[in-house]
Amino acid sequence: MAEPLNSPDRPDWTPSRVEDAPLVTGQGRFLDDLDPLPGTLVAAVVRSPHPHARIRSVELGRARAHPGVAAVLGPAEVSAALRPFPLSTGAAMPYYPTGTDKARFVGEPVAVVVATDRYLAEDAAELVSVDYQSLAPVVGARAALAEDAPLLHEAAGSNVATDRTFEFGSVAEAFENAAWVVEGEYEFPRYSSVPMECYSVIAEWRDGSGDGTVGPAVEAWANFHGPFTMVPVMAGALGLPTSRVRLHVPADIGGSFGIKAGIYPYVVLMALASKHAGAPVRWTEDRIEHLLASSSGADRLMRMRAAVDADGLITALDADLVDNVGAYLRPPEPSTLYRCFGNITGPYRIPVVRIRARAVVTNQMPTGLNRGFGGQQLYFGLERLMDAVATATGRDVLDVRRRNLVGSFPYETPTGGVYDSGDYAAALELAVKNVDLGELRSRQDEVRAAGGYYGIGVGLVVDPSGTNIGYVGLATPAEQRKPGRDKSGSTEHARISVDLSGVVTVMLGSVPQGQGHATVARSVAARRLGLPEEQVRVVVDMDTATTPWTVTSGSYSSRFAPLVTSAVVQAADRIAATIKAAGSVLLGVPADELELAEGLVRSRAEPACAAQFRHAAGVVHWDPSVLPEGTSARLYEEAAFTPREVRAATRDDRINSSLCYGFVAEIVAVHIDPDTLQISIDRVSSVHDAGTVLNQQLLDGQVYGALTHALGGAMYEEFRYAPSGQPTSATFLDYLCPTSAEAGYELRTDHLVSPSPLTPLGAKGCGEGSSMSFPVALANAVADALAPAGIQITSLPLHGEVIHNLVSGDGRYSDHRHSRPSGGDEIWR
């Protein structure tokens, strides 16, 4: 195995992150703490109380007359000044930052009030009067697909925003020749990331920018996770060139894990409010607003079928996927449907695949990215199906998986994914060893003999990282994709400079959410330049006017480890070449015979022949004319890492949807109390292969965090709606997040290292793996526990009330997805 770049086994190991000190001492720089513009006013948002209603009129006069109010704008002002946001498909479902013709979910903005402080703005907001015509709501994917469903967007003629079918190989033939055909219908819930800091925006509209150019401009600050995708979106909505839109992101954004990465409508809305108010405008979301109207992961309805031969090998997979994206197909949706397109078969050798992918709109909060998006949903269906295959064929769940695992690399999937490296069988065996499966089986026998419930579940997932945004193009049929307008995207930028005292500054093009980007980037740059880490500083706050970027830049989909660090390596190596050239002047030794180590430029053959790194940097700054012929006096390098292995979708709809593919093997054991039916997690074994480990402490932290995030979705968290369309989980009294008490199970983590041949350091992503594997591993464990009672698990979350209704056969919990409404099979036709 490759040695981690930062681990307790190294003599220079540093256990703490450089980000921690300001955070634990109250010195974090969150947007709500900052006041970058003088004279900033404060906004309050008026929101719809209806899930589906036509907006007949909006009366703003009383609010405008309220003391301290600078501006009030409603649907008329929004539709007059803004263009709808661009969508990822051609669906006729225009999306503005407020409702214009209709309100389509509870909490949708309808008007904005700007005043001198939040209190006055909130008071005036209550004076806004909206005349609504209530309409029948559409709640859930099944309701959206019903033939008589009310239409959310009449111009579209349907609630289906996108519907595509893909086939790779002869699926019908595989199923005709199968010894077994195994199928299951599964549903994954919508839940969120509930960041510590909710959405926050400061925006200023300027009729003259003061930079020597003519015309209006917008400068904004936001705790936004994807600033570079937002700039062209803002510019398009506001009718401005992208050069006239500038977006800042502070060093600390209070968490995101995807929820702050989709279109951030409030940035545009506050820019327009600033134009009307004639001053900068600030808005910070409260927790109820966030739970009502920010974003969530998509809930998915899926039917999975497997063709299985006599030896227990899966010969074909047929997947019908329906994502509920809420009221609008808000970009980057339908990303959740396609992000895992290349790894749709998971870690298994399945040669033939058919996929139907649909996204539907409903009167619920719009969806976006949530840690592990697409993978959470896919693997819940696929790994439940693997257990069903084991049952149908009379084999052990581990045996079925072992028989079907990919065994050699690189491995190309039917859909175009290319798995770069791995040893899936070894990782699974390590997980089995670490969990002490024999002991758990004995414990299970004892509990069952006493009349209790005890189960053991497995979840195996391929963890994609270094995403290729070209997968979004799959939502458009190949014949409609314009030649020369293809998209691919695994490019990331980094910029490194050296000052005249030898201090190195690294500027990153990705927004961290707490993962430790500065710690890792400092370590990587220091090692490439042979410097102590204290001599390297990292800049992580963003300014789209000065930070190097492309439209795809960002830390979503585990891009940092494989992509951003690769750009850091490239930029550092260019700096190193210049430092060696300067060192050759000082030492009289050819540059190609020098090395950088221990803060020195020194001869590899005679290490005592050395000069300080800072002295070599000083030559470049102070006396560049002495540099060797052809050497640029440049200690300012930018690199763009652009791997050629990720390209746009082919004409036959195949795509390598990520650059790298890691692996997670997870085994979960649960005990269900026979009296209370409360689920207790007994033990978890989690093994990760994320390629080269860049920092062991941070990798462990990402695993722990992903497990806890996944625990929420598996057992506690769910955005639920009444049949009326009213949300029933808009506070933390109803939307339950796990705490340290719920995460107090026995955890045994481990890792393998299969370096990626596609990245300079061999690193892959690791921050999302367990968020994909743990929910289904837990569901498989609960299913195993309840198997003697003949109970099937087809949905999440799982908690005491759900188990009670399953065990007792009580139908009172009828809005939960374990209960099937009549006529439900019509959606699969």
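Residues numbered from 1 in each chain as written. Predicted model: local features only at pLDDT ≥ 70, side-chain atom pairs only at ≥ 80, totals over all residues. Heavy atoms only, no water.

## Overview of the overall build of the protein chain
From N to C terminus, the protein chain includes 20 helices and 29 strands. A globule of 829 residues ought to have a C-alpha radius of gyration of about 28 Å, and the protein chain, at 28 Å, matches this closely. The buried share of the protein chain, taken over its 829 residues, is 61%. Sequence-distant contacts in the protein chain: of pairs separated by 6 or more residues, those separated by 24 or more amount to 79%. (Helix = DSSP H or I, 4+ residues; strand = E, 2+ residues; numbered from the N terminus. Rg over C-alpha atoms; globule rule 2.2 N^0.38 Å. Buried < 20%, exposed > 50% of the residue type's maximum accessible area, 1.4 Å probe, protein only. Contact = heavy atoms within 4.5 Å.)

## Things to note about the sheet that holds strand β21 (residues 536–539)
Taken together, 4 strands build an open sheet; the order of strands is β21-β20-β19-β26 and the sheet is mixed. The two strands at the open ends of the sheet, each matched to only one other strand, are β21 and β26 (636–641). Direction aside, neighbouring strands of the sheet carry axes that sit 20° apart on average. The strands that helix α16 (residues 560–587) touches are β19 (492–498), β20 (504–508) and β26; relative to β26, the one it contacts most, it runs at about 145°. (Pairing = 2+ DSSP bridges. Axes fitted to C-alpha atoms, helices over the stretch in contact; angles between N-to-C directions.)

## Some remarks on the pairing of strand β3 (residues 69–73)
The buried count for β3 comes to 4 of 5 residues, which makes it a mostly enclosed element. Pairing of β3 with strand β5 (residues 109–115) involves 4 bridges; the strand directions are antiparallel. Among the inter-strand pairings, Leu 73 is bridged to a residue of β5, identified as Val 112.

## Some points on the packing of aromatic side chains
By the definition in use, this model includes 20 aromatic pairs. Ring centres of Tyr 186 and Phe 380 lie 6.3 Å apart, and the angle between their planes is 90°; on these two criteria the pair is classed as edge-to-face. One end of the pair, Tyr 186, is in strand β8 (residues 180–188); the other, Phe 380, is in helix α11 (residues 375–393), with 194 residues separating them in the sequence. The same class applies to Tyr 186 as to Phe 380, namely buried. When the centroid spacing of 6.4 Å and the interplanar angle of 15° are considered together, the rings of Tyr 745 and Phe 774 count as stacked. In this pair, Tyr 745 is assigned in the loop between α18 (696–716) and β29 (746–752) and Phe 774 in helix α19 (residues 769–786), connecting sequence segments 29 residues apart. When its relative accessible area of 12% is taken as the criterion, Tyr 745 is described as buried. (Phe/Tyr/Trp six-rings, centres within 6.5 Å; stacked < 30°, edge-to-face > 60°.)

## Some details on the packing of α11 against helix α12 (residues 397–404)
Two measures define how a pair of helices packs: the angle their axes make with one another and the distance between the axes. Viewed as axis vectors pointing N to C, α11 and α12 meet at an angle of 110°, and their least axial separation amounts to 8 Å. Here α11 is positioned roughly perpendicular relative to α12, judged by the angle of their axes. Here α11 contributes Glu 383, Met 386, Asp 387, Val 389, Ala 390 and Thr 393 to the contact with α12, which in turn contributes Val 397, Val 400, Arg 401 and Asn 404. Residue composition of the contact of α11 with α12, by class: 5 nonpolar, 2 polar and 3 charged. (Parallel < 35°, antiparallel > 145°, perpendicular 65-115°, else oblique. Nonpolar A, V, L, I, M, F, W, Y, C, P; charged D, E, K, R; others polar.)

## A short note on the confidence of the model for the protein chain
Averaged over every residue, the pLDDT of the protein chain is 92; residues scoring 70 or more account for 96%. Here residues 11–15 is a poorly scored stretch, pLDDT under 50, and it has 7 contacts once near neighbours within four places are set aside; other chains count. Taken together, the stretch residues 811–823 has pLDDT below 50 and engages in 34 contacts with residues farther than four places along the chain or on a different chain. (pLDDT = per-residue confidence, 0-100.)

## Focus: the sheet that holds strand β27 (residues 658–672)
Taken together, 4 strands build an open sheet; the order of strands is β18-β27-β28-β29 and the sheet is mixed. Pairing within the sheet leaves two strands with one partner each, and these edge strands are β18 (453–467) and β29. On average, each strand axis in the sheet is inclined to that of its neighbour by 15°, with strand direction left out of account. By the bridge criterion, 14 bridges tie β18 to β27 in an arrangement that is antiparallel. The residue of β27 that forms the bridge with Thr 467 is Ser 658.

## Comments concerning unusual backbone geometry
In this model, Pro 331 is joined to Pro 332 through a cis peptide bond whose omega is 15°. Mapped onto the fold, Pro 332 is located in the loop between β14 (314–324) and α10 (335–338). With an omega of 0°, the peptide bond running from Phe 409 to Pro 410 counts as cis. When you line up the elements, Pro 410 lands in the loop between α12 and β16 (411–412).

## Some points on the environment of Thr 631
Within the secondary structure, Thr 631 sits in the loop between α17 (613–622) and β26. Along the chain, Thr 631 and Thr 578 lie 53 residues apart, while their C-alpha atoms are 7.1 Å from each other.

## Notes on the state of the cysteines
Under the criterion given, the structure shown has 0 disulfides. Unpaired in terms of disulfides, Cys 340 finds its nearest cysteine sulfur in Cys 660, a separation of 14 Å. Free cysteine: Cys 737, not disulfide-bonded; nearest cysteine sulfur from Cys 198 at 11 Å. (Disulfide = S-S within 2.5 Å.)

## Side note on the pattern of salt bridges
According to the stated counting rule, one finds 51 salt bridges in the structure shown. Note that Arg 206 and Glu 204 form a salt bridge whose closest N and O atoms lie 2.8 Å from each other. (Salt bridge = Lys/Arg side-chain N within 4 Å of Asp/Glu carboxyl O.)

## Regarding the environment of Val 670
Take Val 670: it is sitting in strand β27. Separated by 52 residues in sequence, Val 670 and Ala 722 have C-alpha atoms that sit 31 Å apart.

## Topic: the environment of Leu 405
Relative to the assigned elements, Leu 405 resides in the loop between α12 and β16. When sequence neighbours within four positions are dropped, the list of residues in contact with Leu 405 reads Pro 347, Tyr 348, Arg 349, Tyr 424, Ala 425, Leu 428 and Leu 460.

## Topic: the nonpolar core
In this structure, Met 270, Ile 681, Phe 774, Val 782 and Leu 798 are the most contacted members of the largest nonpolar core, which totals 183 residues. Sort the elements by how many residues they give to this core and α19 lands first, with 11 residues. Within the second largest apolar cluster, 51 residues are counted, among which are Val 498, Leu 529, Ala 572 and Phe 641. (Core = buried A, V, L, I, M, F, W, Y, C linked by side-chain atoms within 4.5 Å.)

## A closer look at the side chain of Arg 339
The residue Arg 339 is located in the loop between α10 and β15 (353–360) in this model. The class of Arg 339 is buried, set by a relative accessible area of 0%. At a separation of 3.0 Å, a polar atom in the side chain of Arg 339 contacts the main-chain carbonyl oxygen of Phe 373. Looking at Arg 339, its side chain comes within polar contact range of the side chain of Glu 768, at 2.9 Å. When near neighbours in sequence (up to four residues on either side) are disregarded, Arg 339 contacts Gly 372, Phe 373, Pro 464, Thr 467, Tyr 471, Ser 557, Ser 657, Glu 768 and Met 772. (Polar contact = N/O pair within 3.5 Å; in protein donor to acceptor, adjacent residues only side chain to side chain.)

## Some remarks on helix α13 (residues 424–435)
When the terminal C-alpha atoms of α13 are compared, their 17 Å separation across 12 residues agrees well with the 16 Å that a helix rising 1.5 Å per residue should span. Taken residue by residue, α13 has Tyr 424, Ala 427, Leu 428, Leu 430, Ala 431, Val 432, Asn 434 and Val 435 as its buried positions. Just past α13, the residue Asp 436 takes up positive phi, approximately 60°. (Expected span 1.5 Å × (residues − 1).)

## So, the packing of α11 against α19
Contact pair α11 / α19: the axes reach a minimum separation of 8 Å and the direction vectors enclose 35°. Judged by the twist between their axes, the crossing of α11 over α19 is right-handed. Every residue of α19 that contacts α11 at Gly 375, Gln 376, Tyr 379, Phe 380, Glu 383, Arg 384 and Asp 387 is listed here: Ser 771, Met 772, Val 776, Ala 779, Asn 780 and Ala 783. (Left-handed = near helix turned anticlockwise from the far one by under 90°.)

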